[in-house]
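Reading the structure
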Amino acid sequence: MIIWTGASNIFVILTGENYLNLKMNIRIDPYAGFCPGVVRAIQIAEQELRKHKQLFCLGEIVHNQLEVERLEKLGLKTILYDDFRDLKDTRVLLRSHGEPPETYRIAKKNNVKLIDATCPVVLKLQKKVKRNTEEMKMRNGQLVIFGKKDHPEVKGLVGQTGNTAKIIGPDGNFKHLDPARPVRLFAQTTMQSDGYKSLREKLKKKMQEHLSGQPDFVAHHTICKQVEKRIPKLKEFASAFEVIIFVSGKNSSNGKYLYSICKNTNPDSYFISDREDLDIKWFKDKSKVGISGATSTPFWLLEDIAQAINEL
Ligand code: SF4
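Residues numbered from 1 in each chain as written. Predicted model: local features only at pLDDT ≥ 70, side-chain atom pairs only at ≥ 80, totals over all residues. Heavy atoms only, no water.

What about the sheet that holds strand β9 (residues 166-168)?
Reading across from one edge, β9-β8-β10-β11 is the order of the four strands in this open sheet, with parallel pairing throughout. Only two strands of the sheet have a single neighbouring strand rather than two, namely β9 and β11 (217-219). When strand polarity is set aside, the average angle formed by the axes of neighbouring strands in this sheet is 20°. Here strand β10 (residues 183-187) pairs with β11 via three bridges, running parallel. Residue R184 lies in a different strand from β11, and its bridge partner there is V218. Packing against the sheet, helix α5 (residues 120-138) makes contact with β8 (142-146) and β10, and its axis sits at approximately 165° to β10. Relative to β10, helix α7 (residues 193-211) is tilted by about 170°, and along the sheet it contacts β8, β9, β10 and β11. (Pairing = 2+ DSSP bridges. Helix = DSSP H or I, 4+ residues; strand = E, 2+ residues; numbered from the N terminus. Axes fitted to C-alpha atoms, helices over the stretch in contact; angles between N-to-C directions. Contact = heavy atoms within 4.5 Å.)

Quick notes on the confidence of the model for the protein chain
Model confidence for the protein chain is summarised by a mean pLDDT of 91, while 93% of its residues fall at 70 or above. Under a pLDDT of 50 for its full length, residues 1-22 has, in the predicted model, 41 contacts with residues more than four places off or in other chains. (pLDDT = per-residue confidence, 0-100.)

Observations concerning the packing of α5 against helix α6 (residues 152-160)
At a minimum axis separation of 8 Å, α5 and α6 run at an interaxial angle of 35°. Crossing of α5 over α6 shows right-handed handedness. Along the contact surface, α5 presents V122, L125, Q126, V129, K130 and T133, while α6 presents E153, G156, L157 and Q160. Among the residues making up the contact of α5 with α6, the classes are represented as four nonpolar, four polar and two charged. (Left-handed = near helix turned anticlockwise from the far one by under 90°. Nonpolar A, V, L, I, M, F, W, Y, C, P; charged D, E, K, R; others polar.)

As structure tokens, then:
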């Protein structure tokens, strides 16, 4: 007998004639699934596809192959920047990461209508970065972004600075900054808070030492709250179950990071990408199973995994 408790995402599975002894709780992490910015972008894509049947998307809408394939079946076609430059008289979706001004210029020149699904949090950050760039220009300062240089959000932010921003990667190396000049520091919304805080303190200290006084240094905490609150919630979730199944695309850096948190909290944590990766041995003598995933893992996939464990 299988009981699905709906809103609380709990399967209570009572099997065969011994069902009084064999009971398994399977629970999906309520904080897992796409962040609101990605959910919004997908909703916008689906609305457009209901009206137009086909839509181009500049870059993958989300770093999850299964979700990309699902949307492709509805008519969403992912294109690269080189393809975008050659497109004319059509419609293109901009995903949640945001774009540099150059993308808007190309679209205008080629009569391409942009369906802009940039996350409102990223849009706000872009505006702030642009304003601070003006200020830094007047004061011979440096606009600094803590992020991954090849990440689309960072490219969008750098575009707001006319490509003048200095980037500090996850290793926190800031040797290329001039400690004598003013600094305005920002972070890519999906960076890890600990890394940002440590960089902020080290950089400030370096500037203080160099100037032997109060430096002109402002650090804007621009890491997304949705991303930040995930870590403590995930630790809590991982410690509440005997087995954790973590679902993510193999190439997702966010997936690898969140999985490491699960594994450190609960050694019986396993990384999978789809139901084929499940191993029945993991569930031997276990009755409480938690399922979580990266910010790029769709909730429907977590539900599918819950169903697959139930079938095992
Ligand atoms: S800012 Fe937050 S909600 Fe928006 S896309 Fe980034 S992670 Fe998602």
